[in-house]
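What the coordinates show
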Amino acid sequence: MPATLKIGITCYPSVGGSGILATELGRQLAERGHEVHFISYEMPFRLDTSPANIYFHPVNVNEYELFKHPDYTLPLSVKMAEISRQFGLDILHVHYAVPHAVAAILACQMLGTKSPRVITTLHGTDTTLLGKDPNYQPIIKHAIECSEGVTAVSQSLCEETKSTFGIEKEIEVIHNFFEPRKPAKTRRQVRDELGLKDEFLILHMSNLRPPKRIDHLMEIIAASKHREELRLLILAGGNFAPYVPLVRRLGIERQVLVKEYVLDIENYLNASDLGIYTSQHESFGLSILECMFYGHAVLTTDAGGILEVVVHGETGFTYPVGDTLSFVEGLDYLIENPDRLREMGAAGQERAGELFNSEKIVNQYINYYRHVLGDEAATGS
Ligand code: GMT
């Protein structure tokens, strides 16, 4: 087996944990000498193709009047086959079964015996949303069963996937990782730009999709007895406009600051005091991990894989989905107890660095690639 591998990566290029993870994985693989080819309809939003060994191949989607809905899966599949053939890819690592694994499997069928191995990473939605839809369920099950390797970003997602699809197939759990970057601005600079003095700054970063339960988040802020001295900063990877009426109704216009499609998240992480997440589904919670890496305690629901990331009472507090009263109690307690807040933040930072560091997780992926390619020495675990 060659010392370095040729890997095709397909992910959703839009703002979201799966794209961020796939992009950072590709960057780290390239740094270790592997050749990485991203294949997608757009450059993943954090992708930089200037370093050696990283390439981007766009998929062109033509719109034909014949199709009521434009089709992406088939041109993606054709591009995957073309790039696999041209560069002799060993692996097609796809993030999401729909439509990426389906396209990869079709590409391999076109390529015949010279096809790469397909590894599918499940990030959540394939199981928690589309897996419940009878129009998608059978094709997702098929894509999982036909992939030569399948990984899930948490044990919780692995178990839910097996029970949702009724499959026995081995699924390797490889948690998410994060590589913190140095902030380019000081905490004071960022706070000045946000118009803040010493307010307690709570951070939420997400795409604001319905499962994030932004309504619960706003209710917590409105109910805190410290609401006059706190601010909620939302780094939004989606449109915040639908939540504006709720913010007005709750009278928290002054408390809520929103910045959309931010790239330099480390500046805002550094300027914040606490992370908060009210998700109803979360297979891992990459942005929770980002908060932990910057030394912040996190208040979060106990949904899905979050409990593999946050330890209740040690690195933050976890509560049942929708338990607004407990969230408010936890928030007020941490505002009133800065030593405890610092302690929890430090414990979270240590846990993040130990369990979810890039060195460890990227090596797990490389080992798994080798295992799938038939290297007896690679354990795949
Ligand atoms: O959370 C989202 O809506 C975005 C979604 C994505 O596809 O980017 O995130 C999923 O993948 C992340 C990376 O593995 C996980 O950290 C998130 O928990 C997961 N989101 C959900 O399960 C809702």
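Residues numbered from 1 in each chain as written. Predicted model: local features only at pLDDT ≥ 70, side-chain atom pairs only at ≥ 80, totals over all residues. Heavy atoms only, no water.

**Digging into the site of the ligand**
- Lining the immediate environment of the ligand, one finds 16 residues, of which Ser 18, Tyr 96, His 123, Lys 212 and Glu 282 sit closest.
- Within the side chain of Tyr 96, one N or O atom sits 2.4 Å away from an oxygen atom of the ligand.
- Contact with the protein chains removes 94% of the 480 Å² of surface that the ligand exposes when unbound.
- Its residues assigned to classes, the shell around the ligand shows four nonpolar, nine polar and three charged.
- Each of two domains, domain 1 (6-177 + 357-373) and domain 2 (187-355), supplies a minimum of three residues to the shell around the ligand. (Near = heavy atom within 4 Å. Polar contact = N/O pair within 3.5 Å; in protein donor to acceptor, adjacent residues only side chain to side chain. Areas by Shrake-Rupley, 256 points an atom, 1.4 Å probe, with all protein chains shown as cover. Nonpolar A, V, L, I, M, F, W, Y, C, P; charged D, E, K, R; others polar. Domains from an automatic or database assignment.)

**Quick word on the domain arrangement of the protein chain**
- The assigned domain composition of the protein chain is domain 1 (6-177 + 357-373) and domain 2 (187-355).
- Each of domain 1 and domain 2 has a C-alpha centre, and these two points are 30 Å apart.
- Listed as interface residues are 21 residues of domain 1 and, on the opposing side, 19 residues of domain 2.
- Together, the buried faces of domain 1 and domain 2 total about 1,500 Å²; carbon and sulfur atoms form 54% of this surface.
- Considering only the surface of domain 1 that becomes buried against domain 2, Val 15, Asn 176 and Asn 357 emerge as the three largest contributors, covering 31% of it.
- At the junction of domain 1 with domain 2, the criterion picks out one salt bridge.
- When the shortest N-O distance is used, the salt bridge between Arg 46 and Glu 290 registers 3.9 Å.
- Applying the counting criterion to the domain 1 and domain 2 interface returns nine residue pairs in polar contact (both at pLDDT 80 or more).
- Only α1 (17-31), α4 (125-128), α6 (155-165) and α14 (358-372) provide two or more residues apiece to the side of domain 1 that touches domain 2. (Contact = heavy atoms within 4.5 Å. Buried area = accessible area lost by both parts, 1.4 Å probe. Salt bridge = Lys/Arg side-chain N within 4 Å of Asp/Glu carboxyl O. Helix = DSSP H or I, 4+ residues; strand = E, 2+ residues; numbered from the N terminus.)

**Notes on the pairing of strand β9 (residues 230-236)**
- Of all the seven residues making up β9, seven are buried; the element is thus mostly covered by neighbouring parts of the structure.
- Neither face of β9 is exposed, since Leu 230, Leu 232, Ile 234 and Ala 236 on one face and Arg 231, Leu 233 and Leu 235 on the opposite face are all buried.
- Where strand β8 (residues 200-206) lies against β9, seven bridges are found, and the strand directions are parallel. The residue of β9 that forms the bridge with His 204 is Ile 234. (Buried < 20%, exposed > 50% of the residue type's maximum accessible area, 1.4 Å probe, protein only. Pairing = 2+ DSSP bridges.)

**Quick word on the nonpolar core**
- By size, the foremost hydrophobic cluster in this structure holds 65 residues, and its most contacted members are Met 80 and Leu 289.
- Sort the elements by how many residues they give to this core and helix α3 (residues 97-111) lands first, with ten residues.
- If you count residues domain by domain, this core takes at least three from each of domain 1 (6-177 + 357-373) and domain 2 (187-355).
- Sequence-distant contacts of Leu 289, defined by excluding residues within four places in its chain, comprise Asn 176, Phe 177, Phe 178, Phe 284, Val 309, Ala 352 and Phe 356.
- Core analysis: the second largest hydrophobic core is formed by 32 residues, Ile 214, Ile 221, Phe 240 and Leu 334 among them. (Core = buried A, V, L, I, M, F, W, Y, C linked by side-chain atoms within 4.5 Å.)

**Quick notes on a nonpolar patch on the surface**
- Where nonpolar side chains cluster on the molecular surface, the patch consists of Leu 74, Val 78, Leu 106 and Met 110 and spans about 350 Å² of accessible area.
- When contributions to the nonpolar patch are tallied by element, the ones reaching two or more residues are α2 (73-87) and α3.
- Tracing the chain through its elements places Val 78 in helix α2. (Patch = residues over 30% accessible without salt bridge, like charges linked within 9 Å, V, L, I, M, F, W, Y side chains within 5 Å.)

**What to know about the environment of Glu 266**
- Position of Glu 266 relative to the elements: it lies in helix α10 (residues 265-271).
- Here the alpha-carbon distance between Glu 266 and Gln 364, two residues 98 residues apart in the chain, equals 26 Å.

**Comments concerning the environment of Asp 302**
- Its location among the elements puts Asp 302 in the loop between β12 (298-301) and β13 (316-319).
- A relative accessible area of 30% places Asp 302 in the partly exposed class.
- Placed 15 residues apart in sequence, Asp 302 and Phe 317 show a C-alpha to C-alpha distance of 9.0 Å.
- The contact partners of Asp 302, leaving out residues within four places of it in the chain, are Leu 307, Thr 318, Tyr 319, Pro 320 and Val 321.

**So, helix α13 (residues 338-355)**
- In this model, α13 (18 residues) spans 26 Å end to end at C-alpha, consistent with the 26 Å of a helix rising 1.5 Å per residue.
- All of the buried residues along α13 are Leu 341, Met 344, Gly 345, Gly 348 and Ala 352. All buried residues of α13 project into a common sector of 105° when viewed along the axis, lining one side. Residues of α13 that are exposed and point more than 90 degrees away from the buried face comprise Asp 339, Arg 342, Glu 350 and Glu 354.
- Buried residues in α13 make contact with β8, β11 (274-277), α11 (286-293), β13 and α12 (324-336). (Expected span 1.5 Å × (residues − 1). Arc of directions from axis to C-beta.)

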